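Residue strings, one per chain:
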Amino acid sequence: MLEKKYLKRINKINWEFINADTTYLTHNFHRYSSKYIPQIAGNLIDIFSRENDLILDNFVGSGTTLVEAMIRKRRAIGIDINPLACLISKVKITPIEKTVLDKEIGKLIMSLKQAIYSVREQKTLYSFDKKNMIEEYEVPKFPYIDKWFQPQVIVELAIIKKYIDFIENKDARDMCLVAFSSIIRGVSNASSEFGNLMISKRKGKVTDTFERFVSKVNEIKSRILQLDKYKEFSKNIKVVCGDTRNLAFINDSEIDLIVTHPPYIAAVPYAEYQKLSLRWLGFSDRKLDKELIGGRRQSNDVVKRFDKDMLKAFEEMSRVLKDNKFCCIVIGNPTVKGKTIELNKKFIKFGSKVGLEFQYEIKRGKYNTTMGKMKEEFIMIFRKTN
Ligand SMILES: C[S@@+](CC[C@H](N)C(=O)[O-])C[C@H]1O[C@@H](n2cnc3c(N)ncnc32)[C@H](O)[C@@H]1O
């Protein structure tokens with residue numbers, strides 16, 4: 001059971017965070033399905049850690065926990081198996097000098113403007129000739145690209161990607177890749193900008209791919225510039241692209257606090273939802289789906305695999321956490337093949353098997369849950385016992 005000093009602080013907070021601003025600083029510059037709101041991570045960090053403590057989020061997604069740890073002067077490690085998640089997280093916590101950004105972005109936009117306007121003038125190039133286009137513009141080869149994107153969009157995306165790859169400064173290049181990725185769903189023929197990926201027959205002609213990119217890159221740039229005041233602390237935040245079932249690069253009992261948010265079994269098929277971005281960035285959505293905990297969601301053994309993989313993740317979380325320290329897990333109870341799975345109860349069992357003793361559960365209600373369809377979600381507090 002949690003001591004009074006913690007309970008008092010927990011109970012002071014309204015965990016619904018109705019109307020809270022969830023988009024400050026670098027939060028929210030790239031859509032990421034099932035992000036949690038920054039106030040959850042921020043308050044848990046405030047309650048259960050001190051300045052300079054080392055925080056782990058081993059399902060870091062788009063890096064929400066890392067930003068919150070950075071602004072509170074904590075050290076932090078974020079791990080995710082999804083390369084797009086790692087890219088977004090890294091960019092979110094990496095300040096870049098204004099002079100570098102002005103130079104690199106200015107040069108990029110000027111060269112792109114020339115290249116794209118010149119292609120737009122020769123309208124014939126937009127008539128679709130797959131082979132010609134793929135060779136001329138170095139378009140990535142993926143099945144049905146011409147169904148997902150209109151020809152003029154493919155050409156403009158390919159030109160933008162090619163010029164981004166020329167950027168010398170790696171941090172600026174990664175920032176531009178995030179801007180590039182964030183416009184892809186919107187300029188595709190997909191029926192919505194997030195969630196299920198389906199082709200819309202009603203999508204009008206998209207003629208402003210380049211303009212959307214410029215506007216996004218400028219928005220992200222202005223947010224990155226706000227990181228300047230966290231320069232000192234951002235050095236202590238690391239993103240590792242890897243599998244949380246094996247945290248061999250973290251020593252036993254090295255972590256002061258875990259704040260994390262695992263997949264709700266297969267409720268969000270990340271590889272499927274993010275397929276278009278992953279492919280344009282040169283990553284394999286199929287490989288990712290095989291590696292994700294809760295991946296291959298249509299297979300009959302999805303829940304069994306999830307249980308086995310999560311138990312392994314719990315073992316590692318327990319191993320790396322210091323004795324008596326806390327592990328906070330945000331989770332909801334998804335419906336899989338028509339059946340509700342009570343993940344909160346399962347997690348209590350997993351915890352008890354690996355020395356993470358369940359302490360307390362905060363219920364979040366109908367207002368601001370991470371998963372739109374779920375009525376409630378839980379913030380579960382465990383403590384490492386020896
Ligand atoms: C609910 S999301 C986390 C979202 C995050 N809290 C945020 O605000 O963006 C769960 C994450 O677990 C990641 N994941 C799934 N299997 C993993 C594995 N084996 N190792 C590391 N990360 C994994 C997914 O890629 C996804 O980003």
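Quick note: structure is the one above.
Residues numbered from 1 in each chain as written. Predicted model: local features only at pLDDT ≥ 70, side-chain atom pairs only at ≥ 80, totals over all residues. Heavy atoms only, no water.

### A few points about the overall build of the protein chain
Move 1: A count of helical and extended segments in the protein chain gives 16 helices and 9 strands.
Move 2: Computed over its C-alpha atoms, the radius of gyration of the protein chain comes to 22 Å, within 12% of the 21 Å expected for a compact globule of 386 residues.
Move 3: Along the first, second and third principal axes, the C-alpha atoms of the protein chain reach 70 × 50 × 40 Å.
Move 4: A buried classification covers 57% of the 386 residues belonging to the protein chain.
Move 5: Looking at the protein chain alone, contacts between residues at least 24 apart form 75% of all its contacts between residues at least 6 apart.
Move 6: Counting only carbon and sulfur atoms, one obtains 49% of the accessible surface of the protein chain, whose full area is about 17900 Å². (Helix = DSSP H or I, 4+ residues; strand = E, 2+ residues; numbered from the N terminus. Rg over C-alpha atoms; globule rule 2.2 N^0.38 Å. Buried < 20%, exposed > 50% of the residue type's maximum accessible area, 1.4 Å probe, protein only. Contact = heavy atoms within 4.5 Å. Areas by Shrake-Rupley, 256 points an atom, 1.4 Å probe, with all protein chains shown as cover.)

### Observations concerning the layout of surface pockets
Move 1: A volume near 200 Å³ is recorded for the second largest pocket.
Move 2: Tyr6, Phe48, Arg50, Lys325 and Phe326 are, among the 13 residues lining the second largest pocket, the residues nearest its centre.
Move 3: With 4 residues, the single largest contributor to the lining of the second largest pocket is strand E5 (residues 321-332).
Move 4: Its residues assigned to classes, the lining of the second largest pocket comprises 4 nonpolar, 2 polar and 7 charged. (1 Å grid on protein atoms, 1.4 Å probe; cavity = no way out; pocket = protein on both sides within 12 Å on 5 of 7 lines; lining within 4 Å. Points joined across faces, edges and corners; volume = space filled by probe spheres on them. Nonpolar A, V, L, I, M, F, W, Y, C, P; charged D, E, K, R; others polar.)

### Regarding the site of the ligand
Move 1: With respect to spatial proximity, 24 residues lie near the ligand, and among them Tyr32, Ser62, Thr64, Asp80 and Ile293 are the closest.
Move 2: The side chain of aspartate 80 places a nitrogen or oxygen atom 2.7 Å from an oxygen atom of the ligand.
Move 3: Within the side chain of aspartate 243, an N or O atom sits 3.0 Å from a nitrogen atom of the ligand.
Move 4: Its free accessible area being 600 Å², the ligand has 100% of it covered by the protein chains.
Move 5: Applying the majority rule of atoms within 2 Å of the grid points places the ligand in the largest cavity. (Near = heavy atom within 4 Å. Polar contact = N/O pair within 3.5 Å; in protein donor to acceptor, adjacent residues only side chain to side chain. Sits in = over half its atoms within 2 Å of the grid points.)

### With respect to empty space enclosed by the protein
Move 1: Throughout the structure, instances matching the rule amount to 1 cavity of 30 Å³ or more.
Move 2: The computed volume of the largest cavity comes to approximately 310 Å³.
Move 3: If you go around the largest cavity, you meet 28 residues; those closest to its centre are Phe59, Val60, Gly61, Asp80 and His261.
Move 4: Residue assignment for the lining of the largest cavity shows that the elements contributing at least two residues are helix H3 (64-71) and strand E2 (75-80).
Move 5: Residues of the lining of the largest cavity, tallied by class, amount to 11 nonpolar, 11 polar and 6 charged.

### Observations concerning the packing of helix H5 (residues 98-121) against helix H9 (residues 170-187)
Move 1: Interaxial distance between H5 and H9 falls to 10 Å at its minimum, and their mutual angle equals 50°. The angle between H5 and H9 falls in the class oblique. In this structure, the crossing between H5 and H9 has a hand that is right-handed. Along the contact surface, H5 presents Leu101, Glu104, Ile105 and Leu108, while H9 presents Ala172, Met175 and Cys176. (Axes fitted to C-alpha atoms, helices over the stretch in contact; angles between N-to-C directions. Parallel < 35°, antiparallel > 145°, perpendicular 65-115°, else oblique. Left-handed = near helix turned anticlockwise from the far one by under 90°.)

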